[in-house]
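Structure assessment
Given next are the chains, with one letter for each unit.
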Amino acid sequence: METGLVRDRPFHAPVQQFFEYLLVAKPDAAVHDKLIQEKQRFTLQYQAPIAEKTKPHITVANFLAKEEMESTIIRWMHRIISNQQRFRVTLDRYCGYKPHTIYVRVQDHQPFQQLARELQVVDQYVRGYGCPEMHLITRPHMTLAWRLSASVYQQAEADYAQKDFQASFEVNELVLLRRTHQFEACKQVNVFGLRP
């Protein structure tokens, strides 16, 4: 007679869930409010409620990772970001990414490009665990509205080419956000302070 564990159903290994992470720079309160007002105007003018659904931020990186990787990612990011100098962001005009996004341009890309170079070590770690490559932003922008229909995009692009936007804010920290899918609201995971 055989002894041991007898299974009456097949064994299924647990599915490893990926989370989407976003590392972002948020504007100060005055610039945030100015952008929110513009998003509200956009929503009313073009009947595009998607503009109001996103909070003003500049994405520095976005990537997929498994939850058990999170603490190591946070440690790596803390080391990298805490060695970076605070910097000023100047937003200076409206532009568009065809075929569906209207955004406010960031004047100086250099601080974001530096962060992207430094964060490549985190990208290597993420890819080493079978996750897709990180999307490191080297052309930063502040999205006003996205996922617009072609007709709304064309009209808004023409209208906003005539408009001006001027604002500046200091980036003192970067925020790591997490969500299970792109339609879920993000939850804050960590805040990383930059060097004074």
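Read on for an overview of the structure.

The rules behind the values
Residues numbered from 1 in each chain as written. Predicted model: local features only at pLDDT ≥ 70, side-chain atom pairs only at ≥ 80, totals over all residues. Heavy atoms only, no water. Helix = DSSP H or I, 4+ residues; strand = E, 2+ residues; numbered from the N terminus. Buried < 20%, exposed > 50% of the residue type's maximum accessible area, 1.4 Å probe, protein only. Polar contact = N/O pair within 3.5 Å; in protein donor to acceptor, adjacent residues only side chain to side chain. Contact = heavy atoms within 4.5 Å. Pairing = 2+ DSSP bridges. Axes fitted to C-alpha atoms, helices over the stretch in contact; angles between N-to-C directions.

Digging into the side chain of Arg179
Tracing the sequence through the fold places Arg179 in strand S8 (residues 173–179). Assessed through its relative accessible area of 15%, Arg179 is described here as buried. A polar atom in the side chain of Arg179 sits 2.8 Å from the side chain of Glu20. What Arg179 contacts, discounting residues up to four positions off in sequence, is Phe19, Glu20, Leu22, Glu184, Ala185 and Cys186.

What about the sheet that holds strand S7 (residues 164–171)?
What the four strands build is an open sheet, ordered S6-S4-S3-S7; its pairing is antiparallel. Since the sheet does not close on itself, it has two edges, and those belong to strand S6 (141–145) and S7, each with one partner. In this sheet, neighbouring strand axes are inclined to one another by 30° on average, regardless of whether the strands run parallel or antiparallel. On the sheet, helix H6 (residues 150–160) packs against strand S3 (87–97), strand S4 (101–106) and S6 and is oriented at approximately 30° with respect to S4.

The values reported here are purely geometric and, on their own, carry no functional implication.
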